[in-house]
Protein chains: 2
Amino acid sequence: MTNKLYNLVIVGYGGMGSYHAKLLKENQTINVIGTFDILEERRTAALADGYKVYESYEAVLSDQDVDLVLIATPNDVHKDIAIKALNANKHVICEKPVTIYSEDLKEIMKVAEVTQRKFVVHQNRRWDKDFLTIKKIYDETIIGKVFHIESRVQGANGIPGDWRHLKAPGGGMLLDWGVHLLDQLLFMVDSKITSVYANLSYVLGDEVDDGFQTIITFENGSTALIEVGTTNFIQLPRWYVKGTAGTAVIDDWSIAGKIVTQNFGVDIEAPKPIQAGQGLTKTMAPPSESAVSTSDLPEVAPTMESFYDNVVSVIEGKAKPIVKNTEVLRVLQLIETIFKAAERNEVIKDFDSYNR
Amino acid sequence: MTNKLYNLVIVGYGGMGSYHAKLLKENQTINVIGTFDILEERRTAALADGYKVYESYEAVLSDQDVDLVLIATPNDVHKDIAIKALNANKHVICEKPVTIYSEDLKEIMKVAEVTQRKFVVHQNRRWDKDFLTIKKIYDETIIGKVFHIESRVQGANGIPGDWRHLKAPGGGMLLDWGVHLLDQLLFMVDSKITSVYANLSYVLGDEVDDGFQTIITFENGSTALIEVGTTNFIQLPRWYVKGTAGTAVIDDWSIAGKIVTQNFGVDIEAPKPIQAGQGLTKTMAPPSESAVSTSDLPEVAPTMESFYDNVVSVIEGKAKPIVKNTEVLRVLQLIETIFKAAERNEVIKDFDSYNR
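All values derive from a computational prediction rather than experimental measurement.

Quick notes on the rules
- Residues numbered from 1 in each chain as written.
- Chains lettered and ligands numbered in written order.
- Predicted model: local features only at pLDDT ≥ 70, side-chain atom pairs only at ≥ 80, totals over all residues.
- Heavy atoms only, no water.
- Least-squares fit on C-alpha atoms with pLDDT ≥ 70 in both.
- Contact = heavy atoms within 4.5 Å.
- Buried area = accessible area lost by both parts, 1.4 Å probe.
- Salt bridge = Lys/Arg side-chain N within 4 Å of Asp/Glu carboxyl O.
- Polar contact = N/O pair within 3.5 Å; in protein donor to acceptor, adjacent residues only side chain to side chain.
- Helix = DSSP H or I, 4+ residues; strand = E, 2+ residues; numbered from the N terminus.
- Nonpolar A, V, L, I, M, F, W, Y, C, P; charged D, E, K, R; others polar.
- Core = buried A, V, L, I, M, F, W, Y, C linked by side-chain atoms within 4.5 Å.
- Buried < 20%, exposed > 50% of the residue type's maximum accessible area, 1.4 Å probe, protein only.
- Pairing = 2+ DSSP bridges.
- Axes fitted to C-alpha atoms, helices over the stretch in contact; angles between N-to-C directions.
- 1 Å grid on protein atoms, 1.4 Å probe; cavity = no way out; pocket = protein on both sides within 12 Å on 5 of 7 lines; lining within 4 Å.
- Points joined across faces, edges and corners; volume = space filled by probe spheres on them.

Once turned by 180° and shifted 0.0 Å along the axis, chain A lies on chain B with an RMSD of 0.0 Å. Taken together, the rotation and translation relating the two chain copies correspond to the operation of a two-fold axis. Here 100% of the interface residues in chain A have copies in chain B that are interface residues too; the copies meet face to matching face.

To continue, consider the interface of chain A and chain B. Contacts between the two partners involve 70 residues from chain A, matched on the other side by 71 residues from chain B. Contact between chain A and chain B buries roughly 5,500 Å² in total, counting both sides, with carbon and sulfur atoms accounting for 61%. Of all residues in chain A, F233, I234 and M284 of chain A give up the largest surface area on contact with chain B, accounting jointly for 14% of the area buried on that side. Where chain A touches chain B, the interface holds 0 salt bridges. At the junction of chain A with chain B, the criterion picks out 36 residue pairs in polar contact (both at pLDDT 80 or more). For the side of chain A that touches chain B, the leading source of residues is strand β6 (residues 146-154) of chain A, giving 6 residues. In the side of chain A that touches chain B, the residues fall into 33 nonpolar, 25 polar and 12 charged.

Time to look at the nonpolar core. All names here are of chain B. Counting 102 residues, the largest nonpolar core has L8, Y57, F119, I149, L182, L185 and I216 as the members making the most contacts within it. Ranked by residues supplied to this core, first place goes to helix α7 (residues 173-188) with 11 residues. Setting aside residues up to four positions removed in sequence, L185 forms contacts with I149, I216, F218, A224 and I226.

With that out of the way, let us pick up the sheet that holds strand β2 (residues 30-36) of chain B. Residue and element names in this part refer to chain B. Spatially, the 5 strands line up as an open sheet ordered β2-β1-β3-β4-β5, and their pairing is parallel. Of all the strands in the sheet, just β2 and β5 (119-121) have a single pairing partner and so form its edges. Across this sheet, the average inter-strand angle for adjacent strands is 25°, counted without regard to direction. Pairing between strand β4 (residues 91-94) and β5: 3 bridges, direction parallel. Paired with C94 across the bridge in β5 is V121. Relative to strand β1 (residues 6-11), helix α1 (residues 15-24) is tilted by about 155°, and along the sheet it contacts β1, β2 and β3 (68-71).

All names here are of chain B. A complete count under the given rule lists 1 cavity of 30 Å³ or more for this structure. Computed from the structure, the largest cavity encloses a volume of approximately 40 Å³. For the largest cavity, the full set of lining residues is I193, R330, Q333, L334, F351, D352 and S353. The element best represented in the lining of the largest cavity is helix α9 (residues 325-344), accounting for 3 residues. Looking at the lining of the largest cavity, its residues break down into 3 nonpolar, 2 polar and 2 charged.

So this is what it looks like as structure tokens:
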């Protein structure tokens, strides 16, 4: 590791800003030296938490001691704050969704290129244990070749009563939670998107979507159903994944779940028809005991640097970013396509420029 | 009830034909007097079960003692058998899917009209207890106005190794199980279909679909996700239904499940943020205890005549059919639309002629 200490200022000291402050207390290389927020109550909170409070954003930018700016404001002002920081020779960590529109991210990426500063988006859920477990199952073909992925988060609390329920600052569930689930999906599935269907929900009467279902098809033949809900009083499993040799389920963030796989190469007793409602069914009968095996989810050990350590490694030229801006851009373009698909109620094809 | 005994011949003595024979033993009004099947082994089975075996279909048609013909053959020959029976002055009970193409059903309906004989399709799953439970929740707004319905059957046994895995006789899961789930949906939701998206699965390498997911939107603003799978080693709940005041789940045909509803008009403690993976979330945190109530699924008592009794009532002019041919036709047109939507990978709109 490095000996240099990187001084960071948190811009936007709300829920996420203060969460970063707490997490960074554990970090040996990044040092939170101050905060900036336009709201008086947030300044007071930052002071109470023991942080210096800058009087203006200009004061942050002109402070030569500041190496890094962390942006945790509403989404519509990310771009302006980021570009100013890059031009002031600071590196930038930015909360998700990086911007509301992909064109804005492209502008930021250009400025980062010109100023030779690093701009890294906090797609923290690439490190979620549930996701890493599914990714391991996927990568190691533990249930065979995965051909269908369902990834859901379902809450019952509606949209939070902050800017996230307003359109102008970039609220709504597709931008808030959708960005995580889509980022995870594209980080895992190495294939071009061939089509997108989407259905946004406005049942709460907010001006932004309170959830969505989207079905994404890939060139490699696999499909994904991604869903966010805020009006779900009962939760379906966080992950439901089908492979050519079995199925994997993760129920929730506690990583409860299981894998059921097909037993190949043994003499298998045919399933017995069951009475199901007013009919008999062999098709939907449980497989015979000899036909399947149930096992625990695989254990995952951390193989990636932590997000913050990776930012430092990137700044020092020692590693590539785990969250690449081209990947973040692709997810944002997918989100734009989902909005368009839902608005038009059409399947949208041939939009993904991805070609690894 | 009537005093007349109706004599019925079962055409096609396979799984479903012999199942009808067994069920009709309990029926006081319909009497199975014989069977016809082109396969020697099925004739032998029928004889062993104590039924007369006709030597030809013509012999069935010319037998003046036969009032009713029940068709339980592969789907591609339903039309021919049905029209011959109607023209021979017999009433007809037909297995589902009634025909492969809607034009064929229209032909049958015309002949039934001309001959003044009754033609009734065995959509037996309108009587399934799980469906009747959901229909009660829907009709009585037990979870508020229902705006999203998910109806799934998921097996792990692939497609049965009979004609159902072949294209010509009308195999595949959309026609086999899809017809039930779609029939239930349209029997429950009294609204015009505005659009259909669909994705058929061919992962087993059969010439017919081994499952599908379709998303249907209705004029009344509600949506439905209907799914059939035969490569699912773990099962998601049979029903997952969202209303404006809560969520209902039925796990399986044993009618295990629950309802969780929102408590209105009480002071509700805000949900506490939870650590979920690498982040905090209030949106996806469980609601506070005071915010929701959990209850059992409602009990359902039979309110409809049984399928067979209804057929007799219809023949005697005492009742309207519970399974109306116009409804069966609409479901078949929906299935054709699902095939088209999947093949083109497009959302199809403005096809539903329904206008109650």
